[in-house]
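Understanding the architecture of this molecule
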Amino acid sequence: MNKKAFVFLYICTISFIIAIFVFYGSVGKQTPGGESLALGEKEIQVFSTYQEAEQQIYSIELAALLSAKEASQDNFERSFEEKFAEYLKKYSLGIEEYDFTYTTKEGTMNILGKAQKSLIFKKEFYTYSIAPDFFISIPYDTNESSEMIFK
């Protein structure tokens, strides 16, 4: 082959390699939405918000259960509501006003608590809202005495 042809071939090869590095080096800057650290980063943020909301709902349910166990048997409803309000205030769970429904059936007392406000989690790209309602069922024995027996 000709020496001039080799020089031209080397120049073309080096230019092609440089063009590949320039093209693939700037691809990350051209992606829609800009560069992100990891694929699915926004989805992980949504999942962590959901997990945070579920933790608060579990805490509210646990506060209701503990309040029911600690409530006085003389005036159960009033005592339960006072204890529940104390737990909500002590652990600052975000909701303080509930409407309660008490029903008794076949040796159990059912307590349904409906929040007057929803829990709202505001993040950069979305807002997650959930109603922190709860339902607990407490077994008791009405035959032996008026005292509740917890399991």
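Residues numbered from 1 in each chain as written. Predicted model: local features only at pLDDT ≥ 70, side-chain atom pairs only at ≥ 80, totals over all residues. Heavy atoms only, no water.

**Brief notes about the overall build of the protein chain**
Quick note on the threshold: Starting at the N terminus, helices and strands are each numbered in turn, a helix being any DSSP run of H or I of at least four residues and a strand any DSSP run of E of at least two. A 1.4 Å probe rolled over the protein chains alone gives each residue an accessible area, and that area as a share of the maximum for its type sets the label: buried under 20%, exposed over 50%, partly exposed in between. Throughout, a residue-residue contact means that at least one pair of heavy atoms, one from each residue, lies within 4.5 Å.
Across its full length, the protein chain carries four helices and five strands. Counting from the amino terminus, the protein chain carries its helices and strands in the arrangement α-α-α-α-β-β-β-β-β. Looking at the 151 residues of the protein chain, the share that counts as buried comes to 22%. Within the protein chain, contacts between residues separated by at least 24 positions form 49% of all contacts whose residues are at least 6 apart in sequence.

**Remarks on the side chain of Ser79**
Mapped onto the elements of the fold, Ser79 is located in helix H4 (residues 76-90). When its relative accessible area of 12% is taken as the criterion, Ser79 is described as buried. Non-local contacts of Ser79, meaning those with residues more than four positions away in its chain, are made with Ala71 and Ser72.

**What to know about unusual backbone geometry**
If you check the backbone angles, Glu106 has positive phi at about 50 degrees while not being a glycine. Tracing the backbone through its elements, the reader meets Glu106 in the loop between strand S1 (98-105) and strand S2 (108-115).

**Some words on the nonpolar core**
Threshold: Only buried residues count toward a nonpolar core. Its members are Ala, Val, Leu, Ile, Met, Phe, Trp, Tyr and Cys residues joined through side-chain atoms within 4.5 Å.
Counting 25 residues, the largest nonpolar core has Phe76, Phe80, Phe84, Tyr98, Ile111, Phe134 and Ile136 as its most contacted members. Looking at this core, the elements that each hand over two or more residues are helix H3 (41-70), H4, S1, S2, strand S3 (119-122) and strand S5 (134-139). Take this core: its biggest share by element is six residues, from H3. If we ignore the near neighbours within four places in the chain, the residues touching Ile111 are Ala68, Phe76, Phe80, Phe100, Thr101, Tyr102, Phe134, Phe135, Ile136 and Ile138.

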